[in-house]
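Residues per chain are reported as follows:
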Amino acid sequence: MHGDISYIGTYKPIEYIKSLYDKVDKIVCVSNDTKDRFIEFLDKSLEPKIEVIYNAMPVESILGKKRSKKTFNILAVSRLSYEKGIDRLIRIHKRLLDEGVYNYLSIIGDGYDSKNIENLINELGVSDTCKIYGYISNPYPYIKNSDLIVSPSREEGFGLVIAEAMILEKPIVATETHGSKDLLQYKYGLITLNDDEDLYVGIRNILKDDELRQSYINNIKTIDEFKFKKETVIKQIDNLINIKEGKIKVLFTILGLWGGGAEASLINILNNLDYSKYEVDLLILIKSYINFNDINDKVNKLPFIYNTEEEAYMDLIKDKPNLEINKYYDVEIAYLGRPTVEAITKC
């Protein structure tokens, strides 16, 4: 689970959603808050199946890729979708400019809401001070050279850019979500209430206060080892799926690879599994733009099932996911929660 299950939405009764999870052997949540909300929303009887495993982060790799001379002020790295809150960050950017607080906003990411985001930038007349860079496989130079990282999400299970910013010791402002609370713990970055006004106040205050920004950086420097370090997480994943002697056949299923944090985490996992122990297939339900060159060649990439999100959700609503996989797997992993759980439990 990469988010608040109640926010993700349930177009069917809770009893039906619970019945899907009753069929799986393990449920992995990416933060303790996500786990608690999952149990609260569905049923405490599912708790024995749940494990908390953070998204895998290549700490050393990020540190090695941080160098660049280009400088930005405020940076957001996010999939462009409503729940990520990029629209409200752009409005805050405009509001700060109007008040004489000059700032340049850079946005790295892509997604289904990109056209609406571009239209909003034009409507507000901030195209000279706000730029969308699209998906960038190595955002670390941009993060390292920014003055402030902002995570304006309306809902967030983990918060990949928060973890990346912590690794690179950057000041962070994040709305209060499961992921930001678990990672920042109210001392490694500024957590605001999850509303537009409090986010605006938090960004304005931290931009104007050098000592406040530095205090959060100093707190990050006290961390001995990040709990989301890649080696730690891969070991947890290995313990979860290494269920028998001999080669284990594993199926990873995900809705799509759109460049979000969860997708990046999955790619990290796939690129760091021990393929002497695992035979891995990757099923991507919806056609996506991510280059398969980013994924380990030892992963067998199955063909896309659907061309659009609309096609996929229509089949799920009708209880007829179009999945025909004539192969046995020892482990089937539904990545990104309910829709993929629903799909693989019906095929």
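Residues numbered from 1 in each chain as written. Predicted model: local features only at pLDDT ≥ 70, side-chain atom pairs only at ≥ 80, totals over all residues. Heavy atoms only, no water.

Draft legend 1. Quick peek at the overall build of the protein chain. Across its full length, the protein chain carries 15 helices and 12 strands. Long-range pairs, those at least 24 residues apart, make up 70% of the contacts in the protein chain between residues at least 6 apart in sequence. Split by element, the accessible area of the protein chain, about 15,500 Å² in all, is 46% carbon and sulfur. (Helix = DSSP H or I, 4+ residues; strand = E, 2+ residues; numbered from the N terminus. Contact = heavy atoms within 4.5 Å. Areas by Shrake-Rupley, 256 points an atom, 1.4 Å probe, with all protein chains shown as cover.)

Draft legend 2. Representation of the packing of aromatic side chains within the structure. Enumeration over the complete set of coordinates arrives at 5 aromatic pairs. Relative to Tyr142, the ring of Tyr133 lies with its centre 5.7 Å away and its plane at 55°, an arrangement referred to as tilted. Members of the aromatic cluster, connected to one another through ring pairs, are Tyr54, Phe158, Phe226 and Phe228. Across from the ring centre of Tyr200, 3.6 Å away, lies the NZ or CZ of Arg95, which sits over that ring. The ring of Tyr82 has Arg154 lying over it, and the distance from NZ or CZ to the ring centre is 3.9 Å. (Phe/Tyr/Trp six-rings, centres within 6.5 Å; stacked < 30°, edge-to-face > 60°. Lys NZ or Arg CZ within 6 Å of the ring centre and 35° of its normal.)

Draft legend 3. Up close: the packing of helix 10 (residues 196-208) against helix 11 (residues 210-221). Between helix 10 and helix 11, the shortest axis-to-axis distance is 5 Å and the interhelical angle comes to 95°. The orientation of helix 10 relative to helix 11 falls into the category roughly perpendicular. For the pair formed by helix 10 and helix 11, the contact residues are Ile206, Leu207 and Lys208 on the first element and Asp210, Leu212, Arg213 and Tyr216 on the second. Tallied by class, the residues present in the contact of helix 10 with helix 11 amount to 4 nonpolar, no polar and 3 charged. (Axes fitted to C-alpha atoms, helices over the stretch in contact; angles between N-to-C directions. Parallel < 35°, antiparallel > 145°, perpendicular 65-115°, else oblique. Nonpolar A, V, L, I, M, F, W, Y, C, P; charged D, E, K, R; others polar.)

Draft legend 4. Main features of helix 11. Taking 1.5 Å as the rise per residue, helix 11 with 12 residues should run 16 Å; its terminal C-alpha atoms sit 17 Å apart, in good agreement. All of the buried residues along helix 11 are Arg213, Tyr216, Ile217 and Ile220. Summarising the axial view, the buried residues of helix 11 lie within an arc of 100°, below the 170-degree limit, and thus occupy one face. For helix 11, the secondary structure elements touched by its buried residues are strand 6 (146-151), helix 8 (160-167), strand 7 (172-175), strand 8 (190-192) and helix 10. N-cap assignment for helix 11: the residue whose side-chain oxygen lies 3.1 Å from the backbone N of Glu211 is Asp209. (Expected span 1.5 Å × (residues − 1). Buried < 20%, exposed > 50% of the residue type's maximum accessible area, 1.4 Å probe, protein only. Arc of directions from axis to C-beta. Polar contact = N/O pair within 3.5 Å; in protein donor to acceptor, adjacent residues only side chain to side chain.)

Draft legend 5. A look at the pattern of salt bridges. Going through the model one piece at a time under the given rule, you end up with 23 salt bridges. The partner of Lys244 in a salt bridge is Asp330, with the nearest N and O atoms 3.2 Å apart. One end of the pair, Lys244, is in the loop between helix 12 (230-241) and strand 9 (248-254); the other, Asp330, is in the loop between helix 14 (309-317) and strand 12 (331-335), with 86 residues separating them in the sequence. For Lys244, a relative accessible area of 39% gives the class partly exposed. Look at the salt bridges and you will find they share partners, linking Lys35, Lys44 and Glu47 into a network. (Salt bridge = Lys/Arg side-chain N within 4 Å of Asp/Glu carboxyl O.)

Draft legend 6. The sheet that holds strand 10 (residues 278-284), seen in detail. Taken in spatial order, the 4 strands of this open sheet run 11-10-9-12, and their pairing is parallel. One side of each edge strand has no neighbouring strand; the edge strands of this open sheet are strand 11 (300-301) and strand 12. Looking at chain direction, strand 10 and strand 11 are connected through 2 bridges and run parallel. Within the sheet, the bridge partner assigned to Asp281 lies in strand 11 and is Asn300. Across the sheet, helix 13 (residues 261-270) touches strand 9, strand 10 and strand 12, and the angle it forms with strand 9 is around 165°. (Pairing = 2+ DSSP bridges.)

Draft legend 7. Representation of the nonpolar core within the structure. Grouped together as the largest cluster of nonpolar side chains are 58 residues, with contacts concentrated most on Met166, Phe228 and Phe252. For this core, the element with the most residues is helix 8, which contributes 7 residues. Not counting residues within four places of it along the chain, the set of residues in contact with Met166 comprises Ile172, Leu183, Leu184, Tyr188, Ile220, Ile223, Phe226 and Phe228. Core analysis: the second largest hydrophobic core is formed by 26 residues, Leu80, Ile92, Tyr200 and Tyr216 among them. (Core = buried A, V, L, I, M, F, W, Y, C linked by side-chain atoms within 4.5 Å.)

Draft legend 8. View of the environment of Val233. Within the fold, Val233 resides in helix 12. C-alpha of Val233 to C-alpha of Tyr54: the two residues are 179 residues apart in sequence and 6.4 Å apart in space. Excluding its chain neighbours within four sequence positions, the residues that come into contact with Val233 are Ile53, Tyr54, Asn55, Ala56, Lys227 and Phe228.

These values are about where atoms sit, not about what they do.
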